[in-house]
Amino acid sequence: MAGRKKPLVVITRKLPDPVETRMRELFDARLNVEDRPMTQPELVAAVREADVLVPTITDRIDAALIAQAGDNLKLIANFGNGVDHIDVEAAARRQVTVTNTPNVLTEDTADMTMGLILTVPRRLVEGAGVLKGDGKWEGWSPTWMLGHRIWGKRLGIVGMGRIGTAVARRAKAFGLSIHYHNRHRVAPAIEDELEATYWESLDQMLARMDIISVNCPSTPATFHLLSARRLALMQPASYIVNTARGEIIDEAALIEMIREGRLAGAGLDVFEHEPAVNPKLVKLAEKGKVVLLPHMGSATIEGRIDMGDKVIINIRTLFDGHRPPDRVLPARA
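Residues numbered from 1 in each chain as written. Predicted model: local features only at pLDDT ≥ 70, side-chain atom pairs only at ≥ 80, totals over all residues. Heavy atoms only, no water.

1. Topic: the overall build of the protein chain
Applied cut-off: Secondary structure follows DSSP: runs of H or I at least 4 residues long count as helices, runs of E at least 2 residues long count as strands, and numbering of each begins at the N terminus. Three exposure classes are used, based on accessible area relative to the maximum for each residue type with a 1.4 Å probe and protein chains only: buried under 20%, partly exposed in between, and exposed over 50%. We call two residues in contact when some of their heavy atoms are within 4.5 Å. Surface accessibility follows the Shrake-Rupley procedure with a 1.4 Å probe radius. Residue values consider only the protein chains on display as shielding. Residues scored as charged are limited to Lys and Arg (positive) and Asp and Glu (negative), so that His and the chain ends carry no count. Just so you know, the charge point we use is NZ for Lys, CZ for Arg, CG for Asp and CD for Glu.
Helix and strand content of the protein chain: 13 helices and 12 strands. Across its three principal directions, the C-alpha atoms of the protein chain cover 75 × 50 × 35 Å. A burial count over the protein chain gives 47% of its 333 residues as buried. Partitioning the contacts of the protein chain with sequence separation of at least 6, the portion at a separation of at least 24 is 61%. As displayed, the protein chain has an accessible area near 16900 Å², and 53% of this comes from carbon and sulfur atoms. Looking at charge distribution, the protein chain has the averaged site of its 43 positive side-chain charges lying 2 Å from that of its 42 negative ones.

2. Some thoughts on the nonpolar core
In a soluble, globular protein the nonpolar side chains are often hidden away together inside. What counts here: Put simply, buried Ala, Val, Leu, Ile, Met, Phe, Trp, Tyr and Cys residues joined by side-chain atoms within 4.5 Å make one nonpolar core.
Grouped together as the largest cluster of nonpolar side chains are 29 residues, with contacts concentrated most on Ile212, Val214, Leu226, Leu231, Ile240 and Leu254. Put simply, the parts of the chain that give this core at least two residues each are α9 (202-206), β9 (211-214), α11 (251-259), β11 (265-268) and α12 (279-286). Ranked by residues supplied to this core, first place goes to α11 with 5 residues. If sequence neighbours within four positions are ignored, Leu254 has contacts with Leu231, Ile240, Ile249, Leu263, Ala266 and Leu268. Membership of the second largest hydrophobic core comes to 26 residues, among which are Ile117, Leu176, Leu194 and Ala196.

3. A few points about helix α1 (residues 17-26)
Convention followed: This arc is taken over the directions from the axis of the helix to the C-beta atoms.
Listed in full, the buried residues belonging to α1 are Val19, Glu20, Met23 and Leu26. Projected down its long axis, α1 carries its buried residues within an arc of 130°, all on one side. Exposed and oriented more than 90 degrees from the buried face of α1 are Pro18 and Arg24.

4. Describing the UniProt feature "domain: D-isomer specific 2-hydroxyacid dehydrogenase catalytic" (unreviewed entry) in the protein chain
For clarity, the cut-off: UniProt positions are given in the numbering used here, feature names are shortened, and annotations may be inferred rather than shown by experiment.
The feature "domain: D-isomer specific 2-hydroxyacid dehydrogenase catalytic" (unreviewed entry), as annotated in UniProt, sits at residues 18-328 in this numbering. Span residues 18-328 is 38% helix and 13% strand, its end C-alpha atoms 25 Å apart.

5. Quick notes on the sheet that holds strand β10 (residues 239-242)
Adjacent strands of a sheet pair through backbone hydrogen bonds, lying either parallel or antiparallel. Here is the rule we go by: A pair of strands counts as paired when DSSP detects no fewer than two bridges linking them.
Strand order in the open sheet formed by 7 strands is β8-β7-β6-β9-β10-β11-β12, and the pairing between neighbours is parallel. The open sheet is flanked by β8 (197-198) and β12 (290-292), the only strands paired with a single partner. Both strand β6 (residues 154-158) and β9 contribute to a ladder of 4 bridges, which runs parallel. Bridge pairing links Val158 to Val214 in β9.

6. A few points about the domain arrangement of the protein chain
The cut-off we apply is this: The split into domains, and so the bounds of each, comes from an automatic or database assignment of domains. Think of a salt bridge as a Lys or Arg side-chain nitrogen and an Asp or Glu carboxyl oxygen that are within 4 Å of each other.
For the protein chain, the domain assignment lists domain 1 (8-100 + 301-328) and domain 2 (105-292). The straight-line distance from the C-alpha centre of domain 1 to that of domain 2 is 32 Å. Taken together, the contact pairs 7 residues of domain 1 with 6 residues of domain 2. Here domain 1 and domain 2 share 1 salt bridge between them. The residue Asp84 makes a salt bridge to Arg245 at a minimum N-O spacing of 3.5 Å.

7. Description of the side chain of Glu20
Relative to the elements of secondary structure, Glu20 occurs in helix α1. Assessed through its relative accessible area of 6%, Glu20 is described here as buried. Non-local contacts of Glu20, meaning those with residues more than four positions away in its chain, are made with Arg13, Lys14, Leu15 and Leu31.

8. So, the pairing of β11
Let me state the cut-off plainly: Look down the strands so they point away from you; if going from the first strand over the helix to the second traces a clockwise path, that crossover is right-handed.
Burial of β11 is two-sided: the residues Gly265 and Gly267 facing one way and the residues Ala266 and Leu268 facing the other way are all buried. Inspection of the sheet shows β10 paired to β11 by 4 bridges, in the parallel sense. Paired with Tyr239 across the two strands is Gly265, which belongs to β11. For the crossover from β11 across α12 to β12, the handedness is right-handed.

This is how it looks when you write it as structure tokens:
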């Protein structure tokens, strides 16, 4: 882009220093040094002026906002894989390209998912809490802090894409039996590698698993995919782990089932009304029934830098006159 005016790039949240430094070198980049979520009026001002908007999941880029965009806005380069917070169709109508950052968070998210699969049944957070404060405890006892064995249990994966498959590989190494439900059956070679059992019926799978891991994307079709009816199919001794999107589970129904002892517990990294967390979930966490994490499944330094690199590549490619490699098309396209 030498010799040409640098595109004005507005970045809505603070990014890792190496990413921000490179963006300042390449573009007319406006950083969010304070890392304060932008208000809606601030987002309106940004899309009216910018050539490129770099939002994150904390920003709502809906049709009403896109309708106020200036003629200069050519690209919404999302810092993240999921684009459920962006109205991609509205952007397409305004001839604004949308990109994301796929394939860089798979292993990090799978690590966190496996961590929750281990943490919840084995009561690791409760155990760590015992040694807080003065660090005193009564000592070992044969019947104290008993959890449940992982080895030999059945894991049902909802969404066997890249992350679901990565979770399955980790879980198999821990001795879990792999089962999955997906829109399409995975390749036979992957099934053979994982010794995985495919369930065309989600209902039937839910009723037979010890642990459920939610790894499917958030779409209109997956909203409350795990509804009150489906959650009721699960065994009372089973657990559920969600590192995908909160709205895939009917959170209110999940809370009631755990409170009533119809589910053993849950590990949640995402919530239906994020960043708000239902106070009833917090109370269940205090009682050791659930483990709650603040949406940190992909929170590694390496992953965030990889995401930033993809954003930069997408911006440079578009302004060099080519199609960005991570272009997101409307669902109907």
